[in-house]
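# Summary of structural features
For reference, the chains in residue letters:
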Amino acid sequence: MSNIPPELISDIFSLLPVKSLLIFRCLSKSFKALIDSPKFIQAHLKHQSLKPNSDMKLILKSHNLFSLDFTSICNKDSTQQPKELQHPLKHLNGPTHVLGSCRGLLLICNSFNDNGVWNLYTKMFRKLPVCDINPPRRTPCGQGPGLAQICGGFGYDDSTDDYKAVKIAQWYHPDDEPPLVSATMVYSLKLGVWKNVQDCPYWLIKEDNGTFVGGALNWIATEEPLVRGSPVILVGLNLASERFEEVLFPENLGKPLKSNLAELGECICLVLGYVTNARNQVLDHVDIWVMEEYGVKESWVKLFSVEQLEGRQHFSYLRPIAYSVSTGRDEVLLEMDNKKFLWYNLEKKAIKHARISGGFDYFESFVSLGSLVPLYGNGYEKIEL
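One numbering rule holds for all chains: residues counted from 1, following each sequence as written. Predicted model: local features are reported for residues with pLDDT of at least 70 only, side-chain atom pairs are reported and counted for 80 or more only, and whole-chain, interface and lining totals are derived from all residues. The basis for every side-chain value is the complete set of non-hydrogen atoms in the structure, without hydrogens or water.

### Structural notes on the environment of Lys349
- When you line up the elements, Lys349 lands in the loop between β22 (340-345) and β23 (350-353).
- Along the sequence, Lys349 and Glu331 sit 18 residues apart, while their C-alpha atoms lie 9.5 Å from each other. Under the DSSP-based scheme used, a helix requires at least four consecutive residues in state H or I and a strand at least two consecutive residues in state E, with every element numbered from the N terminus.

What follows is the structure, encoded as structure tokens:
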């Protein structure tokens, strides 16, 4: 290959899946230098975003962590057995949780202070230092019921080419002044330190892990969590400015019983569940809204609605996962009740089951894109294949 221009080799390699690149990386010093270069890693990520889902895995958290090649799920004629992952935080005392997935990196944890960032494809792992999180003011101490929680997430700051983990501790007591106190800590993978940033001015109610879209971790939030019917808002923690910003909802949403966030095709999704009979609390249908341009209220569009499945078990929860590889944006993979996957065809407005074996009674799912993203510095270890 000595007669092939280096630029052409780089262009060809940038189209390959990570597994193939890791093999080529071992063949010569010049290939290794090319594949490890920041310029190539960014070019490879760009091609991955242009051909979404072609080198992607679906991570399932059940009694342990498992993975599925996304292309096999899109193959309607085959059924793949999920593969159990031998990850660096695996232990016998309980399942490891996934706190976030971004550009091929997973933030995994066993407990509040047992966290690490793992590249599933390159097997690089970096243990995070202990996060000492304290309230910026006194914690609530009034009488009566109160609330306390810890939220978090993981995302990418493109202004500094840095990956950041977030932990948010909140205490709410209506009898105290102020009723809500909060502490937000951000860990920079590049700098290797935790730091305190702006207090969160809202009570985060959905989800425990922020949804990363548009350079921000996003949650559904409220100002008065103990007040029934208190208005909810969409709030994002901008990872560049490290400040909280409100994102406007679409107009005329009515009164959904349930609301959740998801990411679909690099866009923020609003998942709203409605009931016709408030007594039985059974969802009548779910609307999926997509914000095509993050932060622009006018870019909200209702992508589709899913009605209850006739003759089948009623669902109480739906979440869009990803568009299909084979049909592009004509089909969306949905997770139902943390128990099964469904394909929704946007053109035919029809649903069918995705064929996945494994027999899990319950699972959470996460998307992991194939990438060569490094973990910066010397604070990582290599896990052998």
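Still more to cover.
### Details of the pairing of strand β4 (residues 97-102)
- The sheet contact formed by β4 and strand β5 (residues 105-111) spans 5 bridges and is antiparallel. Looking across to β5, one finds that Cys102 is bridged to Leu105.
- A pair of strands counts as paired when DSSP detects no fewer than two bridges linking them. Where β4 folds back on β5, the antiparallel hairpin that results is connected by 2 residues, among which Arg103 adopts a positive phi of roughly 50°.

### Here's the deal with the sheet that holds strand β21 (residues 331-336)
- The strand order across the open sheet formed by 4 strands is β20-β21-β22-β23, and the pairing between neighbours is antiparallel. In the strand order of this sheet, the two ends are held by β20 (318-323) and β23, each with one partner. The mean angle between the axes of side-by-side strands here comes to 30°, regardless of whether they run parallel or antiparallel.
- Pairing geometry for β21 and β22, over 6 bridges, is antiparallel. Axis geometry follows a simple rule: fit a line to the C-alpha atoms, using only the stretch in contact for helices, then measure angles between N-to-C directions, giving values from 0 to 180 degrees.

### As for the sheet that holds strand β3 (residues 83-84)
- Read across the open sheet, the 4 strands follow the order β3-β2-β1-β24; overall the sheet is antiparallel. The open sheet is flanked by β3 and β24 (364-369), the only strands paired with a single partner.
- Two elements, strand β2 (residues 65-69) and β3, share 2 bridges in a ladder whose sense is antiparallel. Bridging from a neighbouring strand, Ser67 pairs with Lys83 of β3.

### Description of unusual backbone geometry
- Glu177 connects to Pro178 through a cis peptide bond whose omega is 0°.
- By the element assignment, Pro178 lies in the loop between β9 (162-172) and β10 (180-188).
- Positive phi outside glycine occurs at Asn338, with the angle close to 55°.
- Checked against the element boundaries, Asn338 lands in the loop between β21 and β22.

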